[in-house]
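Fold and contact review
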Amino acid sequence: MQIFRYADGGEARIGVITNDGRRWRLPVRSLAELLQMSLDDFRSVVEAPGESVGESRLLPPIDGRTEVWAAGVTYKRSSDARQEESVVADVYARVYDAVRPELFFKSAAWRVVATTEPIGVRPDSEINVPEPELALVINAAGETIGYTMCNDVSSRSIEGENPLYLPQAKVYTGSCALGPTIRPSWEIADPYALAITVHVKRDGNAVWEGETSTSLVHRRFDDMVEHLYRNYTFPDGAVLTTGTGLVPDITFNLRPGDTVEVAIDGIGTLVNDVLHATDAHFGWLTPDPARNPRAPA
Ligand code: DO4
Ligand code: MG
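Values in this document were obtained by computation on a predicted structure and should not be read as measured data. (Residues numbered from 1 in each chain as written. Chains lettered and ligands numbered in written order. Predicted model: local features only at pLDDT ≥ 70, side-chain atom pairs only at ≥ 80, totals over all residues. Heavy atoms only, no water.)

This next bit is on the side chain of Arg-122. Structurally, Arg-122 is set in the loop between β7 (119-121) and β8 (128-129). Polar side-chain contacts of Arg-122 include one of 2.9 Å to the backbone oxygen of Gln-168. Aside from chain neighbours lying at most four places away, what touches Arg-122 is Asn-128, Ile-158, Gln-168, Tyr-172, His-276 and Ala-277. (Helix = DSSP H or I, 4+ residues; strand = E, 2+ residues; numbered from the N terminus. Polar contact = N/O pair within 3.5 Å; in protein donor to acceptor, adjacent residues only side chain to side chain. Contact = heavy atoms within 4.5 Å.)

Distances from the magnesium ion (ligand 2) to its protein donors, Glu-131 (OE), Glu-133 (OE) and Asp-152 (OD), fall at 2.0 to 2.1 Å. Within one chain, the residues serving as donors to the magnesium ion (ligand 2) are arranged as E-x1-E-x18-D. When sorted by exposure, Glu-131 lands in the same class as Glu-133, which is buried. (Donors = N, O, S within 2.8 Å, 3.2 Å for Na, K, Ca; no water. Buried < 20%, exposed > 50% of the residue type's maximum accessible area, 1.4 Å probe, protein only.)

According to the stated counting rule, one finds zero disulfides in the structure shown. Unpaired in terms of disulfides, Cys-150 finds its nearest cysteine sulfur in Cys-176, a separation of 4.1 Å. Its relative accessible area of 0% is what places Cys-150 among the buried residues. Judged by its relative accessible area of 1%, Cys-176 is buried. (Disulfide = S-S within 2.5 Å.)

What follows is about the site of ligand 1. Close to ligand 1 lie 16 residues; Val-73, Ser-78, Glu-102, Lys-170 and Thr-244 are nearest. Between ligand 1 and Ser-78, the relevant distance is 2.6 Å, taken from an oxygen atom to a side-chain nitrogen or oxygen of the residue. At 2.9 Å, a side-chain N or O of Glu-133 approaches an oxygen atom of ligand 1. Relative to its free-state accessible area of 280 Å², ligand 1 is covered by the protein chains to the extent of 100%. Mapped by element, the contributors of at least two residues to the shell around ligand 1 are β5 (67-72), α3 (76-85), β6 (102-108) and α6 (166-170). In terms of residue class, the shell around ligand 1 is made up of five nonpolar, four polar and seven charged. (Near = heavy atom within 4 Å. Areas by Shrake-Rupley, 256 points an atom, 1.4 Å probe, with all protein chains shown as cover. Nonpolar A, V, L, I, M, F, W, Y, C, P; charged D, E, K, R; others polar.)

A word on helix α7 (residues 221-229). All of the buried residues along α7 are Phe-221, Met-224, Val-225, His-227, Leu-228 and Tyr-229. In this structure, the buried residues of α7 make contact with β5, β6, β9 (132-138), β10 (144-152) and β15 (238-241). Within two residues after α7, Asn-231 carries a phi angle of roughly 60 degrees, on the positive side.

This brings us to the packing of aromatic side chains. Scanning the model with the defined rule gives 10 aromatic pairs in all. Ring geometry for Trp-69 and Phe-105: centres 5.8 Å apart, planes at 80 degrees, overall edge-to-face. You can see Trp-69 sitting in strand β5 and its partner Phe-105 sitting in strand β6, a full 36 residues away along the chain. Judged by its relative accessible area of 34%, Phe-105 falls in the partly exposed class. Measuring from centroid to centroid gives 6.4 Å for Trp-69 and Phe-234, while their planes differ by 85 degrees, and the two rings are edge-to-face. Taken together, the residues Trp-69 in strand β5 and Phe-234 in the loop between α7 and β15 connect sequence positions 165 residues apart. Note on Trp-69: relative accessible area 14%, which makes it buried. (Phe/Tyr/Trp six-rings, centres within 6.5 Å; stacked < 30°, edge-to-face > 60°.)

Our focus in this paragraph is the environment of Ala-48. Here Ala-48 shows up in the loop between α2 (39-47) and β4 (58-59). Between the C-alpha atoms of Ala-48 and Pro-27, which are 21 residues apart in sequence, the distance is 9.8 Å.

Neighbouring strands of a sheet are bound in pairs by backbone hydrogen bonds; such pairs are parallel or else antiparallel. With mixed pairing, five strands are arranged side by side in an open sheet as β7-β17-β16-β13-β14. Taken across any chain shown, the strands that pair with only one partner, and hence form the sheet edges, are β7 and β14 (205-213). Pairs of neighbouring strands in the sheet enclose a mean axial angle of 20 degrees, with direction left out of account. (Pairing = 2+ DSSP bridges. Axes fitted to C-alpha atoms, helices over the stretch in contact; angles between N-to-C directions.)

Rendered as structure tokens:
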């Protein structure tokens with residue numbers, strides 16, 4: 001079963017696709033409303049068949065006051081890559097083994113892009129990368145009710161210059177893609193055994209491909225959630241992306257015109273073309289659910 005957010009005229013709606021292809025609309029106004037419920041209530045609501053719906057344009061699986069947060073340096077590959085790119089390698093080595101995880105704010109709901117919408121790279125950044133990550137969908141009470149995928153698009157050169165530039169390296173227009181849908185937690189038997197792949201194409205040719213597994217993550221997901229919810233409330237829940245185990249060689253730079261495809265076993269595939277993160281390309285990215293998903297050329 002997948003829970004999805006879709007455009008219906010000028011409105012955003014929430015639906016379900018069952019594993020045998022049936023689709024129905026849920027009797028809620030938003031995903032945020034579902035994230036205010038307990039896991040048990042959420043399950044009852046999404047499993048009750050509703051009015052059937054056809055195919056429709058997918059919107060990002062997040063809305064309302066739900067925030068996207070991110071964990072960093074949770075895989076050895078990420079720790080090694082940060083130490084290579086940074087002028088202060090020590091902070092990354094220390095956080096990899098520390099009890100307290102690195103957690104940072106990534107995006108407000110309305111700024112998130114869906115599959116097939118563009119992602120952005122900063123024109124003032126020399127080295128840009130996609131970061132394919134498993135993302136936890138967490139309700140207001142801190143229960144993980146589902147999983148989705150995040151592309152935590154980032155500037156390696158800006159963060160590498162100084163770790164205090166992390167918000168500028170991580171939080172800018174088009175830097176957060178989520179989706180394509182949400183898979184309920186009870187359908188993922190083992191979130192620590194999921195293959196993650198990435199394919200980047202340029203002019204039809206593969207320029208970076210990689211594969212990893214969530215079995216290599218260095219922290220427990222429930223521990224990341226416990227730290228995120230400690231002394232902070234999320235009335236509409238949160239999406240916590242769990243860090244990347246895939247980082248290309250330092251010579252690789254994600255460029256406008258590239259296409260990034262990231263996939264996670266049992267979760268789905270997220271496909272996004274790359275554009276410069278400017279208003280000219282992302283003026284459509286507004287809180288309006290009927291926004292135009294196709295950026296001007
Ligand atoms: O410290 C930088 C963030 C690293 C990150 O986003 C990741 O490991 O996925
Ligand atoms: Mg990341």
